[in-house]
Amino acid sequence: MKVKDLIANLGFESVHEGEPDREISSVYCCDLLSWVMGRASADSAWITVMGNMNSVAVAVLADISVIVLAENAPIDSAALEKAKQQGVNILKTDKPAFEAGLLINNGL
């Protein structure tokens, strides 16, 4: 599944599409950034409520395909600007993290 498929087929809303053709191979749900850095798989869809600059940095370091902001969590303007500079995909959903992860996982 590609990032653009989350938007087109699963109803996720685009915040920023840096690489919409990027493949997603797994799902990871966590809000503890250091935990994500050490445990999230490359090419994963990372579901979190952390919409700040550090989240974008973690996504780059961990080679994550897309950040999905659960429960319509906001992203601050500095983080969005950094995501644009780094080509990081960011989507959002009104669903809780578990439901969003389950939806993505079932689509893989």
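The structure we're discussing is the one just above.
What you are looking at is a predicted structure, and each value in this text was computed from that prediction instead of being measured.

So, how was this worked out
Per chain, the residues get numbers from 1 upward, laid out in the order the sequence is written. The predicted origin of the model limits local features to residues at a pLDDT of at least 70 and limits the giving and counting of side-chain atom pairs to 80 or more, whereas totals for whole chains, interfaces and linings rest on all residues. Hydrogens and waters are ignored; side-chain quantities use all the structure's heavy atoms. Think of it in three bands: residues with accessible area under 20% of the maximum for their type are buried, residues over 50% are exposed, and the middle band is partly exposed, with areas taken using a 1.4 Å probe on protein chains only. Secondary structure elements are defined from DSSP: runs of H or I of at least 4 residues count as helices, runs of E of at least 2 residues count as strands, and each element is numbered from the N terminus. Of all possible arcs, the one meant is that of the directions from the helix axis to the C-beta atoms. Only heavy atoms enter the contact rule, under which two residues are in contact if any of them lie within 4.5 Å. Contacts described as polar in this section are N or O atom pairs within 3.5 Å, which, within protein, must combine one atom able to donate a hydrogen with one able to accept it, while residues neighboring in sequence count only if both atoms come from side chains. At least two bridges found by DSSP between two strands is the condition for calling them paired. Fitted lines through C-alpha atoms serve as axes, helices being fitted only where they are in contact, and the angles separating the N-to-C directions of these axes extend from 0 to 180 degrees. Any Phe, Tyr or Trp ring, taking Trp's six-membered ring, that has another such ring centre within 6.5 Å forms a pair; planes under 30 degrees apart are called stacked, those over 60 apart edge-to-face, and the others tilted. Whether a charge sits over a ring depends on NZ of Lys or CZ of Arg being within 6 Å of the ring centre and within 35 degrees of the ring normal. For the purposes of this section, nonpolar cores are sets of buried Ala, Val, Leu, Ile, Met, Phe, Trp, Tyr and Cys residues that join through side-chain atoms within 4.5 Å. Comment on the angle field: the value is read as roughly parallel under 35 degrees, roughly antiparallel over 145, roughly perpendicular from 65 to 115, and oblique elsewhere. When residues are sorted by character, Ala, Val, Leu, Ile, Met, Phe, Trp, Tyr, Cys and Pro go into the nonpolar class, Asp, Glu, Lys and Arg into the charged class, and all the rest, Gly among them, into the polar class.

(A) Molecular detail of helix α3 (residues 53-61). For α3, the set of buried residues is Ser 55, Val 56, Val 58 and Ala 59. Along the axis of α3, the buried positions cluster into a sector of 160°, meaning they face one direction only. For α3, the elements touching its buried residues are α2 (33-39), β3 (44-48), β4 (66-69), α4 (77-86) and β5 (89-92). Where α3 begins, one side-chain oxygen reaches toward the backbone nitrogen of Asn 54, 3.1 Å away; that side chain belongs to Asn 52. Two residues or fewer past α3, Asp 63 is found with a positive phi of approximately 60°.

(B) Summary view of the sheet that holds strand β1 (residues 13-16). In spatial order, the strands read β1-β5-β4-β3-β2; together these 5 strands make up an open sheet with mixed pairing. Each edge of the open sheet carries a strand with a single partner, namely β1 and β2 (26-29). Taken pair by pair, the neighbouring strands of this sheet meet at an average axis angle of 25°, ignoring direction. Here β1 pairs with β5 via 3 bridges, running antiparallel. Paired with His 16 across the bridge in β5 is Ile 90.

(C) Spatial organisation of the side chain of Ser 65. Among the secondary structure elements, Ser 65 is positioned in the loop between α3 and β4. Setting aside residues no more than four positions away along its own chain, Ser 65 makes contact with Val 3, Arg 22, Glu 23, Ile 24, Asp 43, Ser 44 and Asn 89.

(D) Main features of unusual backbone geometry. Of note, the phi angle at Asp 63 is positive, near 60°, even though the residue is not glycine. Checked against the element boundaries, Asp 63 lands in the loop between α3 and β4. Backbone geometry places Asn 72, a non-glycine residue, at a positive phi of 55°. Within the secondary structure, Asn 72 sits in the loop between β4 and α4. Take Asn 72: its relative accessible area is 39%, and that puts it in the partly exposed class.

(E) Geometry of the packing of aromatic side chains. On inspection of all chains with the given rule, the structure shows 0 aromatic pairs. The residue whose ring lies beneath Arg 39 is Trp 35, and the NZ or CZ to ring-centre distance is 3.5 Å.

(F) The nonpolar core, seen in detail. If you look at the biggest cluster of nonpolar residues, it comprises 18 residues, and the most contacted ones within it are Val 36, Trp 46, Ile 64, Ile 67, Val 88 and Ile 90. Elements that contribute at least two residues to this core include exactly α2, α3, β4 and α4. Excluding residues that lie within four positions of it along the chain, Val 36 makes contacts with Tyr 28, Cys 30, Trp 46, Val 58 and Ile 64. Residues Leu 6, Ile 24, Val 66 and Leu 91 belong to the second largest nonpolar core, which totals 12 residues.

(G) Summary view of the packing of α3 against α4. Two elements in contact, α3 and α4, have axes whose closest approach is 8 Å; the angle formed by their N-to-C orientations is 25°. It follows from the interaxial angle that α3 and α4 lie roughly parallel. Two secondary-structure elements touch here, α3 through Met 53, Val 56 and Val 60 and α4 through Ala 78, Ala 79, Lys 82, Ala 83 and Gln 86. Considering only residue class, the contact of α3 with α4 consists of 6 nonpolar, 1 polar and 1 charged.

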